[in-house]
Amino acid sequence: MLEHLKNCIGLSEHLKMEIYSDYMIQLNTFLIDEQLANKIIYPPKEAVFNAFKLIPYSDYKVVIIGQDPYHAAGQANGLAFSVQPNQKIPPSLRNIYKELKEDLLLNIPTHGDLSVWAKQGVLLMNSVLTVEEAKPVSHQKKGWEQFTDHVILNLSADLNGLVFMLWGNYAKSKKNLIDPKKHLILEANHPSPLSANRGFFGCKHFSKANAYLISQGKDPINWEVY
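Residues numbered from 1 in each chain as written. Predicted model: local features only at pLDDT ≥ 70, side-chain atom pairs only at ≥ 80, totals over all residues. Heavy atoms only, no water.

Considerations on the nonpolar core
Most often, soluble globular proteins keep nonpolar side chains buried together rather than apart. Let me state the cut-off plainly: By convention a nonpolar core is built from buried Ala, Val, Leu, Ile, Met, Phe, Trp, Tyr and Cys residues, the set being connected through side-chain atoms within 4.5 Å. Type-normalised accessible area, obtained with a 1.4 Å probe on protein chains alone, sets the label of each residue: buried when under 20%, exposed when over 50%, and partly exposed for intermediate values. By definition, residues are in contact when any of their heavy atoms lie within 4.5 Å.
Ranked by size, the top nonpolar core spans 75 residues in total, and within it Phe49, Phe52, Trp117, Trp144, Phe147, Met165 and Trp223 carry the most contacts. Those residues within four positions of tryptophan 223 in sequence are excluded, and the remaining contacts are Val62, Leu100, Leu104, Leu106, Trp117, Val122, Met165, Phe206, Ala209 and Asn210.

A look at the pattern of salt bridges
What counts, and what does not: Take a side-chain nitrogen of Lys or Arg and a carboxyl oxygen of Asp or Glu: if they are within 4 Å of each other, that pair is a salt bridge. By the criteria applied, helices consist of DSSP H or I runs no shorter than four residues and strands consist of E runs no shorter than two, each listed in order from the N terminus.
Evaluation of the coordinates by the stated rule reveals 5 salt bridges. Two residues, lysine 39 and glutamate 34, come together in a salt bridge whose shortest N-O distance is 3.3 Å. Accessibility expressed as a relative area gives 33% for lysine 39, which makes it partly exposed. For glutamate 34, a relative accessible area of 9% translates into the label buried. A salt bridge links glutamate 187 to lysine 175; the shortest N-O distance between them is 2.8 Å. Taken together, the residues glutamate 187 in strand 6 (residues 184–188) and lysine 175 in the loop between helix 6 (168–172) and strand 6 connect sequence positions 12 residues apart.

Some words on empty space enclosed by the protein
Just so we agree on the cut-off: Residues are said to line a cavity or pocket when one of their atoms sits within 4 Å of a point; the points come from a 1 Å grid over protein atoms alone, cavities being sets where a 1.4 Å probe fits but cannot get out and pockets being open sets with protein on both sides within 12 Å along at least five of seven lines. Grid points are joined across faces, edges and corners, and a volume is the space filled by probe spheres set on the points. For this classification, the nonpolar set comprises Ala, Val, Leu, Ile, Met, Phe, Trp, Tyr, Cys and Pro, the charged set comprises Asp, Glu, Lys and Arg, and every other residue, Gly included, is treated as polar.
This model, assessed by the stated rule, comprises 1 cavity of 30 Å³ or more. Estimated volume of the largest cavity: approximately 40 Å³. Pro43, Val48, Pro69, Gly78, Asn126, Val128 and Leu129 are the residues that line the largest cavity. Tallied by class, residues from the lining of the largest cavity come to 5 nonpolar, 2 polar and no charged.

Pasting the structure below:
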């Protein structure tokens, strides 16, 4: 599975070399053992690194950090908060769409595939990139967090003028990996039904992100999902 890292245009050459690190070798062994035990892992192995395949590393503009993939059949597509087009829109993503409508007057999309964002430079990255079917957070503390923390650190150091959207306490815990002098950090409660009414709705992160990108001389994101 990890050999697919080599073909990710959305990773620096330095990050691709992580495949040879001890923790990634241990992670690979864990994933192989899970497969040998006939456990069902999501997303499919060819989609695990989708977040890093759609745009070159230097072209990122926005980073949205999730926790781990959806754990039901057919949902996870390798992009945080995103699902396959034929799947029902999950509650958190539906709330994201509600905020988009309030913030930018966009129509509520009819599907949950966020690839159109990723292709414009939005890195939709879960902190943990795999999960066992029906067992949320089952692949935490296996090595993925170390890798994705390195991604955040490298993006912060290598690029300028990024927008980091940190939704919920888990994403906010990554704040110390980001240089606030070089990037815009936007924080809000998680868009889940349990917390969206306590600080996510009304955060206007999408319009704030675009205003900042324009101030940096960059093209804004077209947040419409079509």
